There are 2 protein chains.
Amino acid sequence: MVPPGKPSTAPGARRGDVRADVVVLGGGVTGAACAWRLAQRGSRVVLVDPDETAGASRAAAGMLAPVSELHHGEEDLLALCLRAAGGFAGYAAEVAAASGLGTGYRASGTLAVALDAGDRARLARVREVQQALGLEVEALTGRQCRRAEPFLDPAVCGGSLVRGDHQVDPRRLLAGLLTAAERAGVRRVRARGEVVVRDGRAAGVRLPDGSRDGDLPVDRPADLPADVVVLATGARAQRHVPVRPVKGQVARLRMPAGEHVLQRTVRGLVRDREVYLVPREDGELVVGATTEERGFDERVTAGAVHDLLRDAQALVPAVAELELVEVLARCRPGSPDNLPLIGFGGVPGLVLATGQYRNGVLLSGVTADAVAALVHGGDVVPEVAACDPGRFGSPRAAREEVLVP
Amino acid sequence: MVPPGKPSTAPGARRGDVRADVVVLGGGVTGAACAWRLAQRGSRVVLVDPDETAGASRAAAGMLAPVSELHHGEEDLLALCLRAAGGFAGYAAEVAAASGLGTGYRASGTLAVALDAGDRARLARVREVQQALGLEVEALTGRQCRRAEPFLDPAVCGGSLVRGDHQVDPRRLLAGLLTAAERAGVRRVRARGEVVVRDGRAAGVRLPDGSRDGDLPVDRPADLPADVVVLATGARAQRHVPVRPVKGQVARLRMPAGEHVLQRTVRGLVRDREVYLVPREDGELVVGATTEERGFDERVTAGAVHDLLRDAQALVPAVAELELVEVLARCRPGSPDNLPLIGFGGVPGLVLATGQYRNGVLLSGVTADAVAALVHGGDVVPEVAACDPGRFGSPRAAREEVLVP
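Residues numbered from 1 in each chain as written. Chains lettered and ligands numbered in written order. Predicted model: local features only at pLDDT ≥ 70, side-chain atom pairs only at ≥ 80, totals over all residues. Heavy atoms only, no water.

**Q** Which parts of the structure should I look at to understand the overall build of chain A?
**A** Secondary structure summary: chain A contains ten helices and 20 strands in total. Residues classed as buried in chain A amount to 60% of the 405 residues present. Considering only intrachain contacts with a sequence separation of at least 6, the fraction spanning at least 24 residues in chain A is 76%. Entry remark: accessible area of chain A is about 15000 Å², with carbon and sulfur atoms responsible for 50%. (Helix = DSSP H or I, 4+ residues; strand = E, 2+ residues; numbered from the N terminus. Buried < 20%, exposed > 50% of the residue type's maximum accessible area, 1.4 Å probe, protein only. Contact = heavy atoms within 4.5 Å. Areas by Shrake-Rupley, 256 points an atom, 1.4 Å probe, with all protein chains shown as cover.)

This is how it looks when you write it as structure tokens:
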């Protein structure tokens, strides 16, 4: 609702060389998509992040899986994710066209498998819920699972084929979004910014002393005055909005050229534990992920890596021979009801775009569309309107002068 | 036997700016120690390695363990390793004094433990052999093991305490050796060199086009003429001497400050598999190591990392909570009889210093002493004299013009 291009009149704000209409804090897939969409609508946008590729987007597996990820009682989240998944192919194509870079989008479906009889019973119960909601899912025998994926262990005793749950490569998607954003005129500042609130509204972003600037000259200590600040810092927003870090650890393996052990995403129940394996066309195989409530902790632990590799090998024994390329841990932003926070929050001029939990990559496009509509005017689809942060009351620090996201 | 300082007269050798008496190929702990000892004796030494810290020394755990590492029928190797272990404290102190850098030498002993009754029986048989050879080793009950190391699993049912098997930090030792070598006048060239053989003798080292030089100006393609070439390239020497690469994979964990889960090296038999855990004073905990015959292959595999972490956790459950900092794979140089190759080899002027297999760090000091004695004159101790490469006949490529190690 803030007209683009209107100069800020916040008293006392120090000016850099560049006037921004919108500053986006956080350059993962969500922030980069928001910056791009806002710039396409004509805003002068500055994207602030100390290292765009270092956040939770770096660890994400890129499953676009509203059906496989369904949890009982989360119908609002299901509707949101189905909306996002339905538009993802077009969104990915648009990113690719705007950036000249591929996104690794792959419409290859998902196979959920069960290792023992208990796992099979649990999978059947999930399938009943999925089918009751009208979702497309197909029961397979163990033999049918192995026909689809011959490297599965002989112990696999049943599965669910979800033809509509696809995948994208989050690192490539993010690179494409950042390039598309820059081509649309977004300027990047490599620093960890803080939201400045003055006279009861968001007035811009303060950069700490010693921050590395990107292509933008800034004074130190510098403010980036702006009409709107978009907070897309994921779990780092926890100090001021009701999100919490949920640690996830993943391992990245490499399949030899021409010998890909899997053709599609495989999600497994391994004696009541969950594991997934996401194979990319370039040979990468992502194995994930833990779900740990430990506060903001991004240390990789021996036990988590052991468990991931153990369960992945239980499903696909050939995993043992694959190269282990990388292990890492990042924190997802979890919200109290597992729905994201997308919308104006707390003070005028502040837009929240966080709380996506396990669905940040999938939701990045619909989130950015909604943020652009909120700033420039336009319809917010009802599935995203349900994510209005107002459902939790005001953000905690709305009255402080400086929010530290 | 070659007097230092005598200029090379090999016909056709191209000259760089610097005349070397000795070129040492390979800058791991063995090559760096040889270069240092030779320079101390007055040789002008050039050390050639594309990246000294990237070889097998990088993965080594640094166990100084002649007693724990004893294998039946390897009495020559035992004698060599005991000689090296007896002198190691003095050697480490000398490196530290010459470099001003610590080596992480730690006289903390080794505890070998057994997880099940079969493991305990195997450990007892090994102990009988050790004691029959007059080695100092002490039988412990499971309870005594846990009293020494309280984080051991309750299932640990017996052990052997080897008070004389200590440890050093190979990365710190190598950094100290390289600094000591430079302070003694050794010049370093960062390139992968090739031995040049002319008129039936080693004439120097050829550097490939495009090699990165260190502090030494060289022509391209450049020869470093020298009277003596020391071949210390570990498993990379396989093309021309009878060594083979034996892959080892290790994991590096980190113990929290003030909460070290182990006080000394723990070697375990875990249902007939071997694993070791080496705790450093700075909090690093090295878990190793696989022994794989796969040719020259330095890929980390999912299965190996899984197995190491599984067995380490079986001995010390708290390992699950430790940070996993690094995984890596390197190739040890194995010889046909597990004894190293130390001595003149094949052609005059060529000295071999490879084939150390699992004992490269432990043997680096005695190897360097022997190489210096061979070049400058002096006694080679009998334990090292047993490592004369002549026991395998001439190296394979002695008649070729260029050896590619």
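**Q** What is the right way to look at the pairing of strand E16 (residues 284-288) of chain A in this model?
**A** Within a regular strand, the side chains alternate between the two sheet faces. Residues and elements named next belong to chain A. The element E16 is largely enclosed, with a buried count of five among its five residues. The alternating pattern of E16 places Glu284, Val286 and Gly288 on one face and Leu285 and Val287 on the opposite face, and all of these are buried. In this structure, strand E13 (residues 244-254) lies alongside E16, joined through five bridges in antiparallel fashion. Pairing of Arg252 across the sheet is with Val286, part of E16. As paired strands, strand E15 (residues 273-279) and E16 are joined by four bridges and run antiparallel to one another. (Pairing = 2+ DSSP bridges.)

**Q** Sorry if this is basic, but what is going on with the state of the cysteines here?
**A** Put plainly, a disulfide is one covalent bond tying together the sulfur atoms of two cysteines. Residues and elements named next belong to chain A. For the structure shown, the criterion picks out zero disulfides over all chains. Cys157 takes part in no disulfide bond, and the closest cysteine sulfur to it belongs to Cys145, at a distance of 8.5 Å. As a non-bridged cysteine, Cys387 has Cys81 as the owner of its nearest cysteine sulfur, 8.9 Å distant. Classification of Cys387 as buried rests on a relative accessible area of 0%. (Disulfide = S-S within 2.5 Å.)

**Q** Help me understand the packing of helix H1 (residues 29-40) of chain B against helix H4 (residues 88-99) of chain B, please; the structure alone is not making it clear to me.
**A** For any two helices packed against each other, one specifies the crossing angle of their axes together with the interaxial distance. Residues and elements named next belong to chain B. Running from N to C, H1 and H4 cross one another at 70 degrees; their axes reach a closest spacing of 13 Å. What the angle tells us is that H1 and H4 run roughly perpendicular. Every residue of H4 that contacts H1 at Ala33, Trp36, Arg37 and Gln40 is listed here: Tyr91, Glu94, Val95 and Ala98. When the residues that make up the contact of H1 with H4 are grouped by side-chain class, the tally is five nonpolar, one polar and two charged. (Axes fitted to C-alpha atoms, helices over the stretch in contact; angles between N-to-C directions. Parallel < 35°, antiparallel > 145°, perpendicular 65-115°, else oblique. Nonpolar A, V, L, I, M, F, W, Y, C, P; charged D, E, K, R; others polar.)

**Q** So what exactly am I meant to see when it comes to helix H1 (residues 29-40) of chain A here?
**A** Along an α-helix, residues three or four positions apart point the same way, because every turn accommodates 3.6 residues. Residues and elements named next belong to chain A. Over its twelve residues, H1 runs 16 Å from end to end, which matches the ideal 16 Å to within 8%, given 1.5 Å per residue. Of all twelve residues making up H1, eleven are buried, and the element is well covered by its neighbours. Those residues of H1 that fall on the buried side of the exposure criterion are Val29, Thr30, Gly31, Ala32, Ala33, Cys34, Ala35, Trp36, Arg37, Leu38 and Ala39. Positive backbone phi, approximately 105 degrees, marks Gly42, located one or two places after H1. (Expected span 1.5 Å × (residues − 1).)

**Q** Where do I start with the pattern of salt bridges in this structure?
**A** Opposite charge on two side chains permits pairing when their charged atoms draw close. Residues and elements named next belong to chain A. In this structure the tally under the stated criterion is 56 salt bridges over all chains. A salt bridge links Glu292 to Arg294; the nearest nitrogen and oxygen atoms lie 2.7 Å apart. Through salt bridges with shared partners, one network takes in Glu52, Glu182, Arg188 and Arg190. (Salt bridge = Lys/Arg side-chain N within 4 Å of Asp/Glu carboxyl O.)

**Q** It is not clear to me how the packing of aromatic side chains should be interpreted in this structure. Could you clarify?
**A** One pair of aromatic rings is described through two measures. These are the centre distance and the angle between the planes. All chains considered together, the criterion is met by four aromatic pairs over all chains. When the centroid spacing of 5.1 Å and the interplanar angle of 85 degrees are considered together, the rings of Phe88(B) and Tyr91(B) count as edge-to-face. Taken together, the residues Phe88(B) and Tyr91(B), both in helix H4 and three residues apart, mark about one turn of the helix. Relative accessible area serves as the criterion here: at 1%, Phe88(B) is assigned to the buried category. Taken together through their ring pairs, the aromatic side chains of Phe88(A), Tyr91(A) and Tyr105(A) make up a single cluster. If you follow Arg37(A) out to its NZ or CZ, it ends over the ring of Trp36(A), 4.4 Å from the centre. (Phe/Tyr/Trp six-rings, centres within 6.5 Å; stacked < 30°, edge-to-face > 60°. Lys NZ or Arg CZ within 6 Å of the ring centre and 35° of its normal.)

**Q** I would appreciate a short explanation of the relation of the copies chain B and chain A in the present structure.
**A** Look at the two chain copies: a rotation about an axis and a shift along it is all it takes to match them. Superposing chain B onto chain A requires a rotation of 180 degrees together with a translation of 0.0 Å along the rotation axis, leaving an RMSD of 0.0 Å. Such values leave the two copies arranged in the relation of a two-fold axis. Considering only C-alpha atoms, the part of chain B nearest the rotation axis is His306(B), at 2.6 Å. Both copies share a contact surface, since 100% of the interface residues of chain B are interface residues in chain A too. (Least-squares fit on C-alpha atoms with pLDDT ≥ 70 in both.)

**Q** What is the right way to look at the interface of chain B and chain A in this model?
**A** How large an interface is tends to be reported as the accessible area lost when its parts come together. On the side of chain A, 19 residues touch chain B, which itself brings 19 residues to the contact. Area buried by chain B at its contact with chain A is led by Ala302(B), His306(B) and Leu324(B), which between them contribute 33% of it. Among the salt bridges present, the one from Arg294(B) reaches Glu321(A), with a minimum N-O distance of 3.6 Å. Scanning the region where chain B abuts chain A turns up six residue pairs in polar contact (both at pLDDT 80 or more). If one sorts the elements of the side of chain B that touches chain A by residue count, helix H8 (residues 302-315) of chain B sits on top with seven residues. (Buried area = accessible area lost by both parts, 1.4 Å probe. Polar contact = N/O pair within 3.5 Å; in protein donor to acceptor, adjacent residues only side chain to side chain.)

**Q** What is the right way to read the sheet that holds strand E19 (residues 350-354) of chain A from this model?
**A** All names here are of chain A. Reading across the sheet, the six strands line up as E8-E2-E1-E12-E19-E18 and stay open at both edges, with mixed pairing between neighbours. In this open sheet, the two strands that pair with only one neighbour each are strand E8 (187-189) and strand E18 (341-344). Sheet twist, expressed as the average angle between the axes of neighbouring strands with direction ignored, equals 20 degrees. Looking at chain direction, strand E12 (residues 228-231) and E19 are connected through three bridges and run parallel. Paired with Leu231 across the two strands is Leu352, which belongs to E19. Seen against the sheet, H1 touches strand E1 (22-25), strand E2 (45-48), E12 and E19 and runs at an angle of roughly 170 degrees to E2.

**Q** Would you explain the environment of Gly86(A) in this entry?
**A** Residue and element names in this part refer to chain A. Assignment of secondary structure puts Gly86 in helix H3 (residues 75-86). With relative accessibility at 67%, the residue Gly86 sits in the exposed group. Measuring from C-alpha to C-alpha, the distance between Gly86 and Gly164 comes to 9.1 Å, with 78 residues separating the pair along the chain.

**Q** What is the right way to look at the domain arrangement of chain A in this model?
**A** Residue and element names in this part refer to chain A. Per the domain assignment, the segments of chain A are domain 1 (20-57 + 172-242 + 337-403) and domain 2 (110-163 + 244-334). Relative placement of domain 1 and domain 2: their C-alpha centres are 32 Å apart. On the side of domain 2, eleven residues touch domain 1, which itself brings 13 residues to the contact. Taken together, the two surfaces of domain 1 and domain 2 that pack against each other cover about 1200 Å², and 55% of this comes from carbon and sulfur. Three residues stand out in domain 1 for area buried against domain 2, namely Ala235, Tyr357 and Arg358, and they jointly supply 48% of the buried area on that side. (Domains from an automatic or database assignment.)

**Q** Is there a simple way to explain helix H8 (residues 302-315) of chain A in this structure?
**A** The end-to-end C-alpha separation of H8(A) is 20 Å, in line with the 20 Å expected for 14 residues at 1.5 Å each. In terms of burial, H8(A) is largely enclosed, as twelve of its 14 residues are buried.

**Q** What's the story with the confidence of the model for chain A in this structure? I'm lost.
**A** Caution applies to low-pLDDT regions: their predicted coordinates should not be interpreted in detail. All names here are of chain A. This prediction gives chain A a mean pLDDT of 90; 89% of its residues lie at or above 70. Under a pLDDT of 50 for its full length, residues 1-16 has, in the predicted model, 43 contacts with residues more than four places off or in other chains. Scored below 50 in pLDDT, residues 212-217 shows 20 contacts in the model against residues more than four places distant or in partner chains. Reported for the predicted complex are a pTM of 0.89 and an ipTM of 0.87. (pLDDT = per-residue confidence, 0-100.)

**Q** How should I be thinking about the side chain of Asp297(A) in this particular structure?
**A** All names here are of chain A. The topology assignment puts Asp297 in the loop between E16 and H8. Looking at Asp297, the relative accessible area reads 13%, which means it is buried. Side-chain polar atoms of Asp297 contact the backbone nitrogen of Arg299, separated by 2.9 Å. Other than its neighbours up to four places away in sequence, Asp297 contacts Lys247 and Cys331.

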